[in-house]
Structure formats: structure tokens, C-alpha cells
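Residue-level structural notes
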Amino acid sequence: MSVSYKKLFKLMIDKDIKKKDLKAMASIGNSTMAKLSNNENVTIEVLAKICDAMKCTLDDIVEIIPDSNEGNVDE
């Protein structure tokens, strides 16, 4: 399973927010922004800061992408 932050970057475009602005608004660092840009895992705390700063929900900024072989798991 992987994550995608494409929704976040689309929302930033829609709201005319640059990466440097988001870093300041959400009090996140350069390394965290780099992780987001590379679709790497970040903590829920970071995502919560971003949601608070952008007045949105987690679902507005993150998409969980299942691996192709995970769809056949029995519960």
C-alpha cells in the first residue's frame, strides 16, 4: 500500500498556496515537504497540521493506493 498527496497539491493550486506558504502555515520543515512531494509516509500529526492550516479534512489531501495484490485478501 502506498500514499499519494496529489490531492494536497491540487488543493494548493486551487487555493493559490505555494509550498513555502504551506510550510509556514502548517509549521512543517523542508524535509517534511520533500517527503510529501515524493509521496513518502509522514505522521498523522503532520497531516493534521496541514488540514488545520488549509481548513480541510484528511480525505481532501491524502489518497491511499492499495497494492495490486492486496485486493484479494480474505477477512
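Residues numbered from 1 in each chain as written. Predicted model: local features only at pLDDT ≥ 70, side-chain atom pairs only at ≥ 80, totals over all residues. Heavy atoms only, no water.

A closer look at unusual backbone geometry
Even without glycine at this site, S27 takes up a positive phi of about 55°. Positionally, S27 belongs in the loop between helix 2 (19-26) and helix 3 (30-37). Here S27 falls in the exposed class, since its relative accessible area comes to 55%. (Helix = DSSP H or I, 4+ residues; strand = E, 2+ residues; numbered from the N terminus. Buried < 20%, exposed > 50% of the residue type's maximum accessible area, 1.4 Å probe, protein only.)

Points about the pattern of salt bridges
Counted by the stated rule, this structure contains 2 salt bridges. For D59, the salt bridge is made with K7, and the minimal N-O distance between the two is 3.8 Å. Taken together, the positions of D59 in helix 5 (residues 58-61) and K7 in helix 1 (residues 6-14) put the pair 52 residues apart, joining distant regions of the chain. Looking at K7, the relative accessible area reads 34%, which means it is partly exposed. When the shortest N-O distance is used, the salt bridge between D14 and K10 registers 3.1 Å. With D14 and K10 both in helix 1 and 4 residues apart, the pair spans about one turn of that helix. (Salt bridge = Lys/Arg side-chain N within 4 Å of Asp/Glu carboxyl O.)

Some thoughts on the packing of helix 2 against helix 4 (residues 44-54)
Contact geometry of helix 2 with helix 4 gives a least axis separation of 9 Å together with a crossing angle of 105°. On the basis of their axis angle, the class for helix 2 and helix 4 is roughly perpendicular. Across the interface between the two elements, L22, M25 and A26 from helix 2 touch K49, I50, A53 and M54 from helix 4. Residues that form the contact of helix 2 with helix 4 fall into these classes: 6 nonpolar, no polar and 1 charged. (Axes fitted to C-alpha atoms, helices over the stretch in contact; angles between N-to-C directions. Parallel < 35°, antiparallel > 145°, perpendicular 65-115°, else oblique. Contact = heavy atoms within 4.5 Å. Nonpolar A, V, L, I, M, F, W, Y, C, P; charged D, E, K, R; others polar.)

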